[in-house]
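Summary of the model geometry
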There are 4 protein chains.
Amino acid sequence: MTVRVGVIGAGWIGQEHIRRLTETVTGARITAVTDIDPGRAAEAAEPVGARALSDGAAVVAADDVDAVLVTSWGPTHAEHVLNAIAAGKPVFCEKPLATTAEDCLRIVEAERAHGRRLVQVGFMRRYDAGYRQMKQVIEAGTIGEPLIVHCAHRNPTVPESYGTDMAALDSAVHEIDVLRWLLDDEIVSAQVVLPRPTSNRSEHLRDPQIMLFETAKGVRIDLEVFVNCQYGYDIQCETVGEEGLVRLPDPAAVGVRTAGRHSTEVLTDWVGRFRDAFDTEFREWIAGIAAGNEPTGPSAWDGYAATVISNATVEARRSAAVTTVDMKPRPAFYGGQA
Amino acid sequence: MTVRVGVIGAGWIGQEHIRRLTETVTGARITAVTDIDPGRAAEAAEPVGARALSDGAAVVAADDVDAVLVTSWGPTHAEHVLNAIAAGKPVFCEKPLATTAEDCLRIVEAERAHGRRLVQVGFMRRYDAGYRQMKQVIEAGTIGEPLIVHCAHRNPTVPESYGTDMAALDSAVHEIDVLRWLLDDEIVSAQVVLPRPTSNRSEHLRDPQIMLFETAKGVRIDLEVFVNCQYGYDIQCETVGEEGLVRLPDPAAVGVRTAGRHSTEVLTDWVGRFRDAFDTEFREWIAGIAAGNEPTGPSAWDGYAATVISNATVEARRSAAVTTVDMKPRPAFYGGQA
Amino acid sequence: MTVRVGVIGAGWIGQEHIRRLTETVTGARITAVTDIDPGRAAEAAEPVGARALSDGAAVVAADDVDAVLVTSWGPTHAEHVLNAIAAGKPVFCEKPLATTAEDCLRIVEAERAHGRRLVQVGFMRRYDAGYRQMKQVIEAGTIGEPLIVHCAHRNPTVPESYGTDMAALDSAVHEIDVLRWLLDDEIVSAQVVLPRPTSNRSEHLRDPQIMLFETAKGVRIDLEVFVNCQYGYDIQCETVGEEGLVRLPDPAAVGVRTAGRHSTEVLTDWVGRFRDAFDTEFREWIAGIAAGNEPTGPSAWDGYAATVISNATVEARRSAAVTTVDMKPRPAFYGGQA
Amino acid sequence: MTVRVGVIGAGWIGQEHIRRLTETVTGARITAVTDIDPGRAAEAAEPVGARALSDGAAVVAADDVDAVLVTSWGPTHAEHVLNAIAAGKPVFCEKPLATTAEDCLRIVEAERAHGRRLVQVGFMRRYDAGYRQMKQVIEAGTIGEPLIVHCAHRNPTVPESYGTDMAALDSAVHEIDVLRWLLDDEIVSAQVVLPRPTSNRSEHLRDPQIMLFETAKGVRIDLEVFVNCQYGYDIQCETVGEEGLVRLPDPAAVGVRTAGRHSTEVLTDWVGRFRDAFDTEFREWIAGIAAGNEPTGPSAWDGYAATVISNATVEARRSAAVTTVDMKPRPAFYGGQA
C-alpha cells in the first residue's frame, strides 16, 4: 500500500520533505499540496504529480489524502492538526506542535477524545543514529543512572531574523525533546545564564546562551546554544551516569594530514548533520501508517511538553531567575499516571 | 517512471537487494524473480508481488522487466549478463562480473558491439561516503600526487567454506576495484607475502595474507587481508601523497567511558558497514535508468580488470613471485586509448 | 649552583616532592625536613642525606636552606610562608596558600612589604602541556575572544574523609586557578547546582556538583566536579571563543581493538595525569631560584584569589544562591591597578 | 653517588645529551668532553664545568670519568666503545654501534671476554611511553600472538646530505631495533619496494621506500620510510595479533575547531617527538650505573643485529630481491642459545 500524503506548507522545509517522500522514502506519494502562496503550492505539486489545493482544510478533506504533513508557519499548526484529528487522519506536524501551551492542550484533548494516536511531531533527533546508540547504552545500564547531561548546540551563523527567544523556541527545543526521550524523564525547571555576547551577531540578538534544566529525577542538564559560533554546525551531547559516561560521536569524516596538522571536516549545515535522521523519521512514519499502527514518534504530549518547557526557558531568561515549568500531569493516554 | 527489475538468484544477497529495492530505494519495483531453487524464487517473489520465473533467460525476456539484477552463483554471471546485453536491457551484476578473464572479455565485446553501456558491476565501495570523501580530497590536490596506499580488510571470522584463493577473489577484489577508481590508475603487478597463519582459522586456509600491488603510475599498495581477525569487521585505507595523507574514518559510534577505559564499538558485520553504500549504489543505478542514462558505476571493463587482477593475485601467492597483470589495452569505449 | 631545599611536612605529598627534587629535578638538594611526626621526618630525611629538624621555624632558619617547601597541613601554611618571607627566602607552598582570606592577605601584605616576590603556590596545572597549548591557542587569537569554558573534574572515588566543601576547596580550586590564568581574567561570582547524588558515595557527601562561575569580562564557566565517577580520573576543559574552540586532549594512550571494541585507557590516578606538570613546575621553580629570579608561577595573590573564590563557591552551595566573590582590588605589585 | 660522564663527540646530538645530563637527568655530571674540533669541545665543556680533552682515549682513561658517552661520527664508534670496554667502564654509544658487522662483532667479543655488560646502544624508542604500553599489551596477551606489524616513519624533509641508503641505516634502523624488542623476535629477511618517488626530494634520493621484513617466528612487518612527506614528523606502528590489535597513539595535542575543521597539531620535529624517551633512556642508564647494575637497554648484540639488518635492507634495495639477514647465532651471554 502506498500512503498518499497531503502537504500543508510548501516553504523550504515542506519542499524538502516532498522531495524526501518522493525520492528517498519508499511507500509514499504526495497527492495534494497547499501553501499560503498558491503559486508556490503549484510549483511544488506539479513535478511530483500532485494537485495544488486552496487551503489546509481542503488537503485534510481530500479523498486521496491518507495522511497529512504540516510544514506551514508555526502559528497555523494547531488549526491544521486539529482538522486532521477531526478527520481521523494521521498527521505529521513539524515542530512546534503549536506556539502556545493552550493550543497544544487542545490538540492533546482532541486526540484523547479520538481515542487513538494520530499525531507525530517532527523532532528528528530521536531518529539520529548517535542519539539512538546513546539511548541503548543508557538503557543497558552501562553507565548506571544518569546524573548530568552536557550539551552544545552550535550553528555557524543565523540570519538577521533570528531573535533572542528563538534560541529556546527554535534551537534548544530540539535538545528539550531529545533529552526527555533519552532520559525517560521530565524537565521541571529552567534557568538561563548569559555569557558576554559574541561580536559576530545581529545587534538585537543575545548569543550565546547557557540553559540549565532540572528533571523530575534530579538530573541536571547544561546546554550551550551558540548560533553564531562561526566554525560549524556542531551538536554535542554527553550523559554522565553513576558508573560512566556516553558521548555523541562527531560525524564520520576522512582524516587529512597536511602542513603540520591532522584535521577532519566539521559540518556547517544542519541539513547534512540530520539528513539520515530525517530519512529514518519519515521512513518509520510511513511504514507505521502503511501497517495501520499508531505513530511511535514524538507525540502530541511531547509537542505540548516541548512548547511549555521552551516557553519557560524564554521566561527564565527574561526574569533572570530559575523558572518552574508549569506542566499539566501527563495523562495515562500518553503513558502517564493522570 | 518506476523501473521494473527482474532478479536472477534469490540467495542471501539477492533477497537483501530485493528488500532494498522494495523498502529503501524509491522508483523501483521487483516484477520477476528466478532461482536455481524454484521454491526459494517463489518465496522471494511472493511478498513483493513479483512472479517467480523458471530461469534467467525468462527473466531477461520478460516484458515487465526493464532492468536485470544478477545475484546468482558467480560462474553463471556471464551467461545472464550476455543475455541482458543481447536483449538491450540494463543489467546490474554482483561481483564478479565473470570468474574468468575470457568470459569478462566476451561481455566487454558484446557491450561494445551493442554500442551503449548497459552493464554495472556491484562494487559498492565506490558509493561509501568515506571513500567518496577520500576521492574528493585526492582530486582536489590536497595531498599532492598519491604515492602509497595502505589498506586492511578484516573480517571477524569466515565459514569453513572460505578457501585461500577467496582472500584475493572475494575479499581483496573490493580493494582492487575501489583503488583503481580512487587513484584513477591501473594495477600492473601483484605479490603476496604470507605471515605466520593465525591459529583461529580452518586448517586449509592461509590467513592472514599481505598483498602488494603496483600501479601503472608507480603507486605502491599494501593490503592486509585477515578474515579471522576476531575483533571485528574493519576496513582501513590510507592514501599517502607528496604533500600529505588522507585516511578513511572509522564508522561513527558513541564513545563510552567505564571502568578505566574509553571505548567505541567496532562493527562486526560488513552488511552494517556498507549498508549506506549499497543503498546509494542502487539509488543511483535506478535513478540513472529512470532518466534513460548509461550507468556511471563500475563498468564491464572494471569487472574484467578486477577479475584479471584478482586472478593474478592468486597466481602471485601460488608462485610466491611478483606476478605481472596480463590485461588487454583499455578500449576507447571504456575511456581508454585502445 | 645547587638549590638547598628545606621541607616542612613529610606526608604523602611532601615525600613525593622530596623524591621529585632528588630524583627527577636537577639543581636541587633536600637539606632539611620537618614534620609534626618526628619519626616521619627522620624517615623522609635520611635516605636523601637531609637533617630532620624539630619544626618549621627551624627549617626556615637553617643556614643550609636556600628555599622552603611547605607541604604541611593546610591550616599551618600561613605561618610557615610568613616565616619564610620574614627570612627573605623563596617559598613554595602547596595549595592552599592559607585556608582563610585573612591569612592569605597577611601573606600578600608581607610579601609586598618585602618588595620582591618570594612566594609560589602549588597549582600545577599551569605547567600541564595541554593547558599550556590551550593558552597559546587563545593568546594567538585563533578562537577569538573567549566566551564560555566547559570543564569537568572527575575522580574515580574519594575516601570517607572527603567532605562536601572539599569539592570546591580541594578539587575545583585547581580549575579556579588555571582558568584565571588561562583567561587572564578574574572570577566575580559563583553558583552551585546540585544534580541528584550518585549512590556511589559516602552518605555525608554531596556528589556530583555543578559549579557556575562568571568572570569580570563576562565569560561563563561551568564545571562538573564528580569525585566518585568510578570510571577514571578525567579532566576535561573546552574554551569556546567567538571564532572557534579549543579542547584539552586526553592523555596519549595506545589504541586497542579486541572483541568488537576500540578502546584506550583512561587514567585512574591524578598523580599520573599531572606527573609531568609537577616535574615542570619544580624544574622551573628551582631554575628560577638558581638564576636569582623572582618566581613566575602562581603568586601569593593567586593563592589569595583561589581561597576567596573557592570559599565563595562553598557559600554559594550552602545558600543555593549566586554569590558574589568579595575580593580586594589587585595591587600593582601583582600586576593590578590598585 | 653522582655518575661522572665523559663525552666523545660534541656535535649537535652530543651537545643535546650534555644538556640533558646536566639539566634534566639527576645523578650525573659531565666531567670531560672531546671532539674532533677542539674549539667545539671547549665550548661544550666550559658551561658545565667539564674539561676539554684531546681525544677519545683521554676521555676513556680520565680518572674522573665513570662512564663514557659516545656521540661522535659513526665510523669512529667502534674504537671508542672498545676502549671503554678495555677500561672496564660503562659506555653509552649513540646508534650505530658500529658501521660494519665486523666491528660490531669485535665489540660483542670484547664485552663477552670482559664477562659483564658495559655497552648500551642509543635506541631511544624502547623508552617511549607509547611503545612501552604497546609492549605491555602484547605481553599481557591481549591481542594474542603477533602476526603483522604496520609501520610508518615520516620526516617532513631531510637535508641534501641524506642519501638513499640512509633510509635503512639511519631511519628504519630505529624500527628495526624497537620491533625486535617489541616482538621479542629476530628479523631474518628484508625486501624493499620502491613507489614512484616524490617530487619533493633531492634528485639523488629514492624516497619514499617500503621495507618488508620477516621475523624468525613468521611475523611480517611493512615499514614505509618517507623522509620528505612535508606534513610532519609522524611515527606510526600497529601490531596485529590473533585476537586484536594495538596501535601507537599520536602525541597528545589540543583539539581546535575553526573555519569548518577540527584539527590537532602534527609534530614536525623528531626531537620533540622523542624528548621524553631520551630523558627516560638517560635517567635509567644513569640510575643503573649509580646502582652498580649492568645496563638493561639495547645491548652490543642489539647494536650488531641492527647493523646487520639495516645493511641487509640496503642490499635488498640494491638487488631488488628478498635478502636473507646473515646473522651469527646469539650467544648465551646475550640471552641466546649459542
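So, how was this worked out
- Residues numbered from 1 in each chain as written.
- Chains lettered and ligands numbered in written order.
- Predicted model: local features only at pLDDT ≥ 70, side-chain atom pairs only at ≥ 80, totals over all residues.
- Helix = DSSP H or I, 4+ residues; strand = E, 2+ residues; numbered from the N terminus.
- Rg over C-alpha atoms; globule rule 2.2 N^0.38 Å.
- Buried ≥ 20, exposed ≤ 12 C-beta atoms within 10 Å, placed from the backbone.
- Contact = placed C-beta atoms within 7 Å.
- Nonpolar A, V, L, I, M, F, W, Y, C, P; charged D, E, K, R; others polar.
- Pairing = 2+ DSSP bridges.
- Expected span 1.5 Å × (residues − 1).
- Arc of directions from axis to C-beta.
- Least-squares fit on C-alpha atoms with pLDDT ≥ 70 in both.
- Domains from an automatic or database assignment.
- Axes fitted to C-alpha atoms, helices over the stretch in contact; angles between N-to-C directions.

Turning to the overall build of chain A, a few remarks are in order. When helices and strands are tallied, chain A shows 10 helices and 15 strands. Against the compact-globule benchmark of 20 Å for 338 residues, chain A has a radius of gyration of 20 Å, which places it among compact chains. Its C-alpha atoms put chain A at 55 × 55 × 45 Å along the principal axes. Classification of the 338 residues of chain A by burial places 56% in the buried group. The contacts in chain A between residues at least 6 apart in sequence include a share of 69% that link residues at least 24 apart.

One turn of the α-helix equals 3.6 residues, which is why residues spaced by three or four share an orientation. Judged by how many residues are buried, helix α4 (residues 77-87) of chain D sits mostly within the fold: eight of 11 residues are covered. In this structure, the buried side of α4 of chain D is in contact with β1 (3-8), α3 (56-61), β4 (67-70), β5 (91-94), α5 (101-114) and β6 (119-122) of chain D.

Taken together, the contacts link 26 residues of chain A with 26 residues of chain B. Of all the secondary-structure elements, those providing two or more residues to the side of chain A that touches chain B are α1 (12-24), α6 (129-139), β12 (244-247) and β13 (255-258) of chain A. Grouping the constituent residues of the side of chain A that touches chain B by class yields 13 nonpolar, nine polar and four charged. Of the strand pairs in this sheet, β13 of chain A and strand β12 (residues 244-247) of chain B are connected by four bridges, and their pairing is antiparallel. Directly across from Thr-258 of chain A, in β12 of chain B, lies its bridge partner Gly-244 of chain B.

This brings us to helix α5 (residues 101-114) of chain C. All names here are of chain C. If you check α5, its first and last C-alpha atoms are 20 Å apart, about what 14 residues at 1.5 Å a residue would give, namely 20 Å. Of the residues making up α5, those classed as buried are Asp-103, Cys-104, Ile-107, Val-108 and Glu-111. What you see down the axis of α5 is that its buried residues fit within an arc of 145 degrees, all on one side. The outward face of α5, more than 90 degrees from its buried face, is lined by the exposed residues Glu-102 and Ala-113. Immediately beyond the C-terminal end of α5, within one or two residues, lies Gly-115, with a positive phi of roughly 90 degrees.

Quick look at the interface of chain B and chain D now. Opposite the 25 residues of chain B that make contact, chain D presents 25 residues. Per element, the largest residue contribution to the side of chain B that touches chain D is four residues, and it comes from strand β10 (residues 220-226) of chain B. In terms of residue class, the side of chain B that touches chain D is made up of 11 nonpolar, seven polar and seven charged.

So, on to the relation of the copies chain B and chain D. The transform that puts chain B on chain D rotates by 180 degrees and translates by 0.0 Å along the axis, for an RMSD of 0.0 Å. The symmetry that links the two subunits is that of a two-fold axis. A share of 100% of interface residues in chain B that are also interface residues in chain D marks the association as one of identical surfaces.

Right, let's talk about the relation of the copies chain A and chain B for a bit. For the pair of chain copies, the relating transformation is a rotation about an axis with a translation along it. Relative to chain B, chain A is turned by 180 degrees and slid 0.0 Å along the rotation axis, the superposed coordinates differing by an RMSD of 0.0 Å. Taken as a fraction of all interface residues of chain A, those also at the interface in chain B reach 100%, which identifies the copy contact as same-surface.

Attention now goes to the sheet that holds strand β1 (residues 3-8) of chain A. All names here are of chain A. Pairing is parallel in the open sheet, where six strands are placed in the order β3-β2-β1-β4-β5-β6. Each of the sheet's edge strands pairs with one partner strand only, and the pair in question is β3 (51-52) and β6 (119-122). Taken together, the four bridges between β1 and strand β4 (residues 67-70) define a ladder with parallel strand orientation. Looking at the pairing, Ile-8 lines up with Val-70 of β4.

Moving on, we get to the domain arrangement of chain A. A common way to report how large an interface is uses the accessible area buried once the components associate. Residues and elements named next belong to chain A. As far as domains go, chain A holds domain 1 (3-122) and domain 2 (126-269 + 305-334). For domain 1 versus domain 2, the separation of C-alpha centres amounts to 27 Å. Taken together, the contact pairs eight residues of domain 1 with eight residues of domain 2. Within the side of domain 1 that touches domain 2, the residues separate by chemical class into six nonpolar, no polar and two charged.

Residues and elements named next belong to chain C. If you walk across this open sheet you meet the six strands as β3-β2-β1-β4-β5-β6, and the pairing is parallel. With one partner strand each, in any of the chains shown, β3 (51-52) and β6 (119-122) form the two edges of the open sheet. Direction of pairing for strand β1 (residues 3-8) relative to strand β2 (residues 28-34): parallel, over a ladder of six bridges. Paired with Val-7 across the strands is Val-33, a residue of β2. Each of β1, β4 (67-70), β5 (91-94) and β6 touches helix α4 (residues 77-87); the most contacted strand, β4, lies at about 175 degrees to it.

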